[in-house]
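Close look at the chain arrangement
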Amino acid sequence: MDLQEVVSSGVLEQRELLAQGALSAQELVDATLDGIDAAADLGAFTHVLREEARAEAVERDRERAAGGPVGPLHGVPVAVKDEFDVAGVVTSFGTRANATPAVADAEVVRRLRAAGAVIVGKTSMPEFGQWPFTESSTFGMAHNPWDPSRSAGGSSGGSAAAVAAGLVPAALGGDGGGSIRIPAACCGLFGLKPQRGRVPLSPNEHLWWALGVAGPLTRGVLDSAVVFDVIRGSTPTDRFRATEPATSFEAAARGPARPLRIGYSVKSPIPAVRPDPQHVRAVRDTAKLLAELGHTVAEISPRYPDSTHAFFPQFFGGVRAELAEVDHPELLERRTRQTIAAGAWARGPVVEWAIRRGEVVRRKADRLFTECDLLLTPTIAIRPPLLGVLDGANTVRAQLASVPMVAYTAIWNVTGHPAASLPAGVGDDGLPLSVQLVGPTNGETRILPIAAQLEQARPQPRPVIHPAG
């Protein structure tokens with residue numbers, strides 16, 4: 001058994017080997033930490049929990065040896081985006097302006113631990129998750145494992161880079177405008193933005209108000225489903241709550257993919273954006289494959305409702321809410337201070353209006369799903385850009401650079417619909433291709449079997465890892 005191959009395998013493979021006794025949690029975690037250290041130049045991690053993870057691994061082995069019940073992630077190493085609290089560690093939000101360690105785990109982290117996961121570290125993000133590029137003056141840049149000169153996307157770019165490079169089998173991300181799906185697209189991963197309210201955000205009431213949700217990045221659909229079944233389910237403190245699904249996510253991902261009506265379109269919800277020809281080809285090739293797999297597939301021209309007036313008050317208001325808790329505001333990036341100034345108007349009444357307006361947008365978007373069961377689109381409009389997108393950029397330039405990255409994703413944060421980025425092969429430039437599947441309200445279990453069917457029919461190659469720097 002090659003231990004490095006085990007480290008770079010998926011959640012289910014690691015879980016099975018641990019259950020068989022082929023290796024211990026201590027061996028797996030030690031090898032995982034060695035791999036993280038060796039790939040430090042990738043810029044995936046802001047904080048590595050070496051001693052804490054080793055102690056957790058010892059406890060996981062002790063629990064297994066005792067013969068009692070073990071959780072579905074028992075002994076599996078998992079990383080967490082640095083916007084979720086991990087007890088005893090500063091929740092940086094990608095900035096040096098925070099300095100106070102969290103007193104307790106966020107609920108989603110607590111659930112990962114309760115399922116037996118070993119938290120090995122926190123992953124990088126742009127300051128307060130504002131951009132779809134993981135570039136920070138504090139922690140540097142997250143490099144794309146497929147080509148270290150390219151962006152890993154954002155804002156969950158560190159999580160995506162860590163999984164794509166085979167450092168961990170799963171990493172928690174957050175998505176307020178595409179921040180799970182965009183880095184998944186850049187790094188050739190599966191990333192599902194769940195239905196609003198599906199995953200708890202406690203101790204916080206919200207993540208960018210109605211926009212933000214939490215979920216894992218993984219290489220495979222089934223791995224994602226297993227992690228989601230661990231972390232999903234609302235708490236009394238959550239402002240938004242999703243209806244419980246009729247079946248588990250794992251059962252949906254393992255189940256047969258019944259024939260569906262799938263509409264596809266390369267039309268952008270933002271009219272001025274034009275998709276890269278390779279992304280158009282990826283959508284059309286996926287549509288053809290879905291038809292071959294027995295689905296009724298047709299090109300449609302969606303009448304996307306305008307979501308900008310609902311998005312921006314929540315974006316600015318969400319960033320302002322997070323910034324209100326920082327220890328040293330004088331240490332914020334200049335660009336972030338510009339965001340604060342530009343969003344000074346995004347206060348309580350305006351944000352509440354935007355949330356209500358988002359519900360109007362949701363009802364309009366629901367009409368799309370009267371003519372199809374799922375919607376197939378590009379995930380991003382452009383190829384993963386070269387690193388340094390944010391170099392010298394003020395907040396206006398950064399927002400303009402972000403538009404082609406979020407054009408297909410942000411609307412679904414406003415509406416709350418589930419949407420997934422899934423691999424679609426490799427482009428002419430050697431970087432991954434991706435498509436997005438969008439489902440109706442509470443439609444994750446409709447997306448998962450189709451995503452799993454596509455994954456089986458079109459396996460995604462792994463990147464040849466090149467050192468960064």
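Our subject in this report is the structure included herewith. On a predicted model such as this, the values are computed, not experimentally measured, just so you know.

Criteria and thresholds
Residues numbered from 1 in each chain as written. Predicted model: local features only at pLDDT ≥ 70, side-chain atom pairs only at ≥ 80, totals over all residues. Heavy atoms only, no water. Axes fitted to C-alpha atoms, helices over the stretch in contact; angles between N-to-C directions. Helix = DSSP H or I, 4+ residues; strand = E, 2+ residues; numbered from the N terminus. Parallel < 35°, antiparallel > 145°, perpendicular 65-115°, else oblique. Left-handed = near helix turned anticlockwise from the far one by under 90°. Contact = heavy atoms within 4.5 Å. Buried < 20%, exposed > 50% of the residue type's maximum accessible area, 1.4 Å probe, protein only. Pairing = 2+ DSSP bridges. Salt bridge = Lys/Arg side-chain N within 4 Å of Asp/Glu carboxyl O. Phe/Tyr/Trp six-rings, centres within 6.5 Å; stacked < 30°, edge-to-face > 60°. Lys NZ or Arg CZ within 6 Å of the ring centre and 35° of its normal.

Focus: the packing of helix 11 (residues 308-323) against helix 13 (residues 348-366)
At a minimum axis distance of 8 Å, the contact between helix 11 and helix 13 shows a crossing angle of 140°. Considered as vectors, helix 11 and helix 13 are oriented oblique to each other. Judged by the twist between their axes, the crossing of helix 11 over helix 13 is left-handed. The residues of helix 13 that touch helix 11, namely those facing His-309, Ala-310, Pro-313, Gln-314 and Gly-317, are Val-350, Val-351, Trp-353, Ala-354, Ile-355, Arg-357 and Gly-358.

As for helix 5 (residues 107-114)
Those residues of helix 5 lying buried are Glu-107, Val-108, Val-109, Arg-111 and Leu-112. Those residues of helix 5 that are buried are in contact with strand 2 (77-81), strand 3 (118-123), strand 8 (170-175) and helix 8 (221-231).

Quick notes on the pairing of strand 10 (residues 213-218)
By the criterion of burial, strand 10 is predominantly enclosed, with six of the six residues buried. As paired elements, strand 8 and strand 10 share six bridges and run antiparallel to each other. Note on strand 10: the bridge partner recorded for Asp-175 is Val-213.

Comments concerning the pattern of salt bridges
By the definition in use, this model includes 28 salt bridges. A salt bridge links Asp-229 to Arg-232, with the nearest nitrogen and oxygen atoms 2.8 Å apart. Looking at Asp-229, the relative accessible area reads 25%, which means it is partly exposed. For Arg-232, a relative accessible area of 17% corresponds to the buried category. Residues Arg-383 and Asp-429 are paired through a salt bridge, measuring 3.0 Å at the closest nitrogen-oxygen approach. Here the residue Arg-383 occupies a position in the loop between strand 13 (374-378) and helix 14 (395-406), and Asp-429 occupies one in the loop between strand 14 (419-426) and strand 15 (432-438), the gap between them amounting to 46 residues. Residue Asp-429 is classed as partly exposed on the basis of its relative accessible area of 35%. Counted as one network, the salt bridges with shared partners bring together Glu-56, Arg-60, Glu-63, Asp-105 and Arg-113.

Brief notes about the environment of Phe-240
As for its position among the elements, Phe-240 is in the loop between helix 8 and helix 9 (249-254). C-alpha separation for the pair Phe-240 and Ala-210, spaced 30 residues apart in sequence, amounts to 7.5 Å. Sequence-distant contacts of Phe-240, that is, excluding residues within four places in its chain, are made with Arg-196, Gly-197, Trp-209, Ala-210 and Ile-355.

Let's talk about the packing of aromatic side chains
Applying the stated rule across the entire model yields eleven aromatic pairs. Measuring from ring centre to ring centre gives 5.2 Å for Trp-208 and Phe-315, while their planes differ by 90°; the resulting arrangement is edge-to-face. Of this pair, Trp-208 sits in the loop between strand 9 (190-193) and strand 10 while Phe-315 sits in helix 11, placing them 107 residues apart in sequence. Considered together, Trp-208 and Phe-315 belong to a single accessibility category, that of buried residues. Ring centres of Tyr-304 and Trp-412 lie 6.4 Å apart, and the angle between their planes is 70°; on these two criteria the pair is classed as edge-to-face. Highlighted residues: Tyr-304 in the loop between strand 12 (296-299) and helix 11 and Trp-412 in helix 15 (residues 410-415), separated in sequence by 108 residues. Like Tyr-304, the residue Trp-412 is buried in the burial classification. Through pairs of rings, three or more aromatic residues link up here, namely Trp-208, Phe-311, Phe-312, Phe-315, Phe-316 and Trp-345. Note that Arg-196 overlies the ring of Phe-240, its terminal NZ or CZ placed 5.8 Å from the centroid. Just above the ring of Phe-249 sits the side chain of Arg-232; from NZ or CZ to the centre is 5.2 Å.

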